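The residues making up each chain are set out below.
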Amino acid sequence: MLRRWVLAILMAACGVLVAASQLTAGLPAVGAIELVVFLVLALLLSPWAFPRSVSAAEARRASAVDGRPIVYWRPGCRYCLQLRFSLGRLARRAHWVDIWHDPAAAAAVRAVAGGNETVPTVVLGEQAVVNPDRAWFRQQLRSS
């Protein structure tokens, strides 16, 4: 569980340290701005930047019923962040599964990615796409 938050915690801690050093140097405004920047980065690297994650089994069941794609991701993955933010509100149309939270999800990704835990991996029906083209995936979400 803590593994999912390590990058966010490190970024927030760095922000506090930088802000404290700016305060001691007599630059409180600079310290405040830097702290805000680090906290925003911490938010982007946290699991909160993504829609609610479900288990791999729950995602497969729901996808079988509603036909929506499954996106396997992990916190701190810059490609996952790029995909997530390029989708905007369309991201809610997919089932998101955190592979660090669910070992079965990590195994599912390894099965389609040549033994690697390469994310983002999108499963749409029987088709699995590792690191999908964002425009293609947006189109798939619009049509689902």
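For every chain, the first residue of the written sequence is number 1, and numbering continues from 1 along that sequence. Where totals are concerned, whole chains, interfaces and linings use all residues; where local detail is concerned, this predicted model gives features only for residues with pLDDT of at least 70, and gives and counts side-chain atom pairs only at 80 or more. Hydrogens and waters are ignored; side-chain quantities use all the structure's heavy atoms.

Q: Mind laying out the overall build of the chain, listing which residues take part and the relevant values?
A: The secondary structure listing takes helices from DSSP runs of H or I that are at least 4 residues long and strands from runs of E that are at least 2 residues long, numbered from the N terminus. Each helix and strand in the chain was counted, giving 6 helices and 4 strands. Ordered by position from the N terminus, the helices and strands of the chain form the series α-α-α-β-α-β-α-β-β-α. Within the span of the chain, comprising 144 residues, buried residues form 36% of the whole. Any two residues having at least one pair of non-hydrogen atoms within 4.5 Å are treated as being in contact. Once local pairs closer than 6 in sequence are excluded, the contacts in the chain between residues at least 24 apart make up 67%. Accessible area for the chain stands at about 8000 Å²; split by element, carbon and sulfur atoms hold 62% of it. His is not counted here, nor are the chain ends, while Lys and Arg score as positive and Asp and Glu score as negative. Charged side chains are reduced to one point each, which is NZ for Lys, CZ for Arg, CG for Asp and CD for Glu. Side-chain charges in the chain split into 16 positive and 8 negative, and the spacing between the mean points of these groups amounts to 5 Å. Only protein chains enter the calculation, and the probe is 1.4 Å; a residue is then buried if its accessible area is under 20% of its type maximum, exposed if over 50%, and partly exposed in between. Areas reported as accessible are Shrake-Rupley estimates using a 1.4 Å probe. Residue values count occlusion only from the protein chains shown.

Q: If you had to explain the packing of aromatic side chains to someone new, which residues and values would you point to?
A: Classification of ring pairs rests on two measures: the distance between centres of Phe, Tyr or Trp rings, Trp counted by its six-membered ring, which must be within 6.5 Å, and the angle between planes, read as stacked under 30 degrees, edge-to-face over 60 and tilted in between. For the structure shown, the criterion picks out 1 aromatic pair. The lysine or arginine in question, Arg84, covers the ring of Phe85, its NZ or CZ lying 5.6 Å from the ring centre. A ring has a charge above it when a Lys NZ or an Arg CZ is no more than 6 Å from the ring centre and no more than 35 degrees off the ring normal.

Q: Which residues make up the pairing of strand E1 (residues 70-73), and what values do they have?
A: Neither face of E1 is exposed, since Ile70 and Tyr72 on one face and Val71 and Trp73 on the opposite face are all buried. Each pair of strands is called paired provided DSSP finds at least two bridges between the two strands. In terms of strand pairing, E1 meets strand E2 (residues 95-98) through 4 bridges, oriented parallel. Of the residues in E2, the one forming a bridge with Val71 is Trp96. Throughout, right-handed denotes a crossover for which the path from the first strand over the helix to the second runs clockwise when the strands point away from the viewer. What joins E1 to E2 is helix H4 (residues 78-87), and the crossover it makes is right-handed. Bridge count between E1 and strand E3 (residues 121-124): 3 bridges; the pairing is antiparallel. Counterpart to Ile70 in the pairing with E3 is Val123.

Q: I'd like a description of the nonpolar core, backed by residues and values.
A: Core analysis: the largest hydrophobic core is formed by 30 residues, its most contacted members being Tyr72, Leu87, Trp96, Val97 and Phe137. Those elements that provide at least two residues to this core are helix H3 (56-66), E1, H4, E2, helix H5 (103-112), E3 and helix H6 (134-143). Every residue in contact with Phe137, bar those within four places of it in the chain, is listed here: Pro69, Val71, Leu83, Leu87, Ala94 and Val122. To define a nonpolar core, start from buried Ala, Val, Leu, Ile, Met, Phe, Trp, Tyr and Cys residues and group those joined through side-chain atoms within 4.5 Å.

Q: Summarise the pattern of salt bridges; cite the residues concerned and give the values.
A: Salt bridges are counted wherever a side-chain nitrogen of Lys or Arg sits within 4 Å of a carboxyl oxygen of Asp or Glu. What the rule picks out here adds up to 2 salt bridges. Linking Arg68 and Asp66 is a salt bridge whose minimum nitrogen-to-oxygen distance equals 3.7 Å. Here Arg68 falls in the partly exposed class, since its relative accessible area comes to 26%. Accessibility expressed as a relative area gives 35% for Asp66, which makes it partly exposed.

Q: Explain a nonpolar patch on the surface to me, and be specific about the residues and the numbers.
A: Like charges within 9 Å and nonpolar side chains (Val, Leu, Ile, Met, Phe, Trp, Tyr) within 5 Å are joined into patches, using only residues over 30% in relative accessible area that form no salt bridge. Residues Ile33, Val36, Val37, Val40, Leu41, Leu44 and Phe85 make up a contiguous nonpolar surface patch of roughly 590 Å² in combined accessible area. Broken down by element, the nonpolar patch gets its largest block of residues, 6 residues, from helix H2 (residues 28-45).

Q: Explain the sheet that holds strand E4 (residues 127-130) to me, using residue names and the numbers behind them.
A: Taken in spatial order, the 4 strands line up as E2-E1-E3-E4 in an open sheet, and their pairing is mixed. Every other strand in the sheet has two partners, leaving E2 and E4 as the edge strands with one partner each. Strand-to-strand, the axes of this sheet are offset by a mean angle of 20°, without reference to chain direction. Here 4 bridges tie E3 to E4, and the two strands are oriented antiparallel to one another. Considered in E4, the bridge of Thr121 is made with Val130. Helix axes are fitted to C-alpha atoms over the stretch in contact, other axes to C-alpha atoms as well, and angles between N-to-C directions run from 0 to 180 degrees.

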